[in-house]
Amino acid sequence: MTTFHSSSELLEQIEALSGQDISDCYQCGCCTSGCPIGEAMDPPPSKAIRLLQLGRANELLDSEGIWMCASCLVCGTRCPRAVDYARIAEACRALVLRSRESKVDPDTVTAPELEEIPQQAFIAAFRKSSV
Amino acid sequence: MTKYAYYPGCTLYTKARSLDICARKAAEKVGFELAEMPSWNCCGAIYNATSDDLAAQVGPVRNLAKASQIGDKLVTLCAACHNVLKRVQDRLDQPGNEVESERLKTFVDEKYERPVKVLHYLEVLKNEVGWDKVKAKATKPLAGLKVASYYGCLMVRPREALSFDDPENPQVMDDLMRVLGAEPTRFDFKAECCGGYLVVNRRDVAKAASQKILDNAKAWGAEAIVTTCPLCQYNLDKLRVMTDGALPVFYFTQLLGVAVGLGQDELGLGHNSGDPAGFLKSKGLL
């Protein structure tokens, strides 16, 4: 588990890195209902934002959900309050990665995968999820 | 013949050769030339959205600076390269962002001569060549082929920076398929995410997301799918269990190539799963 400073400090950092105002969200759930990965994302976008609103940023940073967002940007495109959750998830990932904790270890990629998967996937995955 | 500076990107040089080769050859048939820009580097594959991480923007800025020395337009083909280069260009041009923009330009040795308009190949066909001319070059129309156009995320979002097409119901590839004589089908998941790079560490999630897209295309009566992203093509085509009725997943350039009369050996059909050549023959297109 990554240990960070107080939740209010964390929230400030997340807002600065993402350029989003967490209080803009009124919890309509449009983001979560449209998220193509929503079923596998815990917490899904609207719940993740709710955690931040409730001062529970540490829980979000320790969650699996922030690593499941592939930045497809459907949530932000459809948000009636113009909140871009993909940028919030990006900010959360950045804070974890900057504490030198990788989520994806390049050494776990197998030879057949390396042979087959387009390299844009590796570059993207490592840039998003590795130190 | 109009000549455009062209940025292929790394994947098109290796695992997505058939996207690149067909595009170059089909362009010549249609009447424009893709001139690969010299000494390009990786675009970064994905846009970094944190506000302070300027280092992540340097790769694309260098490409844009190099391209600006050639001209004011840069043509892309890979959806990921297109997304990154277009968003970074948008960031450089954003009113109020002059200080950051100048800093980014000083990070690279290459002089940034002018803003570059990043154009996707599909935009060249639509806006620079024009559908009428493309249609006139389609000497072997894709008559009777029902195609689902799959755009994914990177071509259409974010709406403002890409200003490409409707992010919920994009049309440009459907229009191209229509111009080439095919019948674009309705398709609910044309801009849904295939799971993208999650395939690297969560193959199960990418597989489930891709299967939903394939099933929806089939439910609307599509006989084939077209895409412009090497990773979408991979996730849709390679993560599934191949069955007899499985839809072939083509690059749009492969079907463009068929329609403008490229030879079978120029279509790179060995890339696609199943029997794409047999499929095209069964439709009377090869």
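Located above this text is the structure these notes cover.
Below is a summary of the structure that appears in this document.

### Let's talk about the environment of Gly65(A)
Residues and elements named next belong to chain A.
Phase 1 of the analysis: You can see Gly-65 is positioned in helix H5 (residues 65–68).
Phase 2 of the analysis: Given the relative accessible area of 0%, Gly-65 is considered buried.
Phase 3 of the analysis: Residues contacting Gly-65, with those up to four places away along its chain left out, are Met-41, Asp-42 and Pro-43.

### Examining empty space enclosed by the protein
Phase 1 of the analysis: What the rule picks out here adds up to five cavities of 30 Å³ or more.
Phase 2 of the analysis: In this structure, the largest cavity spans a volume of roughly 160 Å³.
Phase 3 of the analysis: Taken together, 17 residues line the largest cavity, and the ones lying closest to its centre are Ala70(A), Leu154(B), Gly196(B), Tyr197(B) and Leu231(B).
Phase 4 of the analysis: Broken down by secondary-structure element, the contributors of at least two residues to the lining of the largest cavity are helix H9 (119–129) of chain A together with helix H11 (230–238) of chain B.
Phase 5 of the analysis: Tallied by class, residues from the lining of the largest cavity come to 14 nonpolar, three polar and no charged.
Phase 6 of the analysis: Looking at the lining of the largest cavity, you find at least three residues from each of domain 1 (2–120) and domain 2 (137–282) of chain B.

### What about the side chain of Gln57(B)?
All names here are of chain B.
Phase 1 of the analysis: As for its position among the elements, Gln-57 is in the loop between strand E2 (32–36) and helix H3 (58–70).
Phase 2 of the analysis: A polar contact of 3.0 Å, which involves the side chain of Gln-57, links it to the backbone oxygen of Asn-48.
Phase 3 of the analysis: If sequence neighbours within four positions are ignored, Gln-57 has contacts with Tyr-47, Asn-48, Val-88, Arg-91 and Leu-104.

### Notes on the interface of chain A and chain B
Phase 1 of the analysis: Counting residues at the interface gives 38 residues for chain A and 44 residues for chain B.
Phase 2 of the analysis: Interface of chain A and chain B: buried area, both sides summed, is about 3,600 Å²; carbon and sulfur atoms make up 58% of it.
Phase 3 of the analysis: Of all residues in chain A, the largest losses of buried area upon contact with chain B belong to Gln119(A), Gln120(A) and Arg127(A), amounting jointly to 19% of the total for that side.
Phase 4 of the analysis: There are three salt bridges connecting chain A and chain B.

Calculation notes
- Residues numbered from 1 in each chain as written.
- Chains lettered and ligands numbered in written order.
- Predicted model: local features only at pLDDT ≥ 70, side-chain atom pairs only at ≥ 80, totals over all residues.
- Heavy atoms only, no water.
- Helix = DSSP H or I, 4+ residues; strand = E, 2+ residues; numbered from the N terminus.
- Buried < 20%, exposed > 50% of the residue type's maximum accessible area, 1.4 Å probe, protein only.
- Contact = heavy atoms within 4.5 Å.
- 1 Å grid on protein atoms, 1.4 Å probe; cavity = no way out; pocket = protein on both sides within 12 Å on 5 of 7 lines; lining within 4 Å.
- Points joined across faces, edges and corners; volume = space filled by probe spheres on them.
- Nonpolar A, V, L, I, M, F, W, Y, C, P; charged D, E, K, R; others polar.
- Domains from an automatic or database assignment.
- Polar contact = N/O pair within 3.5 Å; in protein donor to acceptor, adjacent residues only side chain to side chain.
- Buried area = accessible area lost by both parts, 1.4 Å probe.
- Salt bridge = Lys/Arg side-chain N within 4 Å of Asp/Glu carboxyl O.

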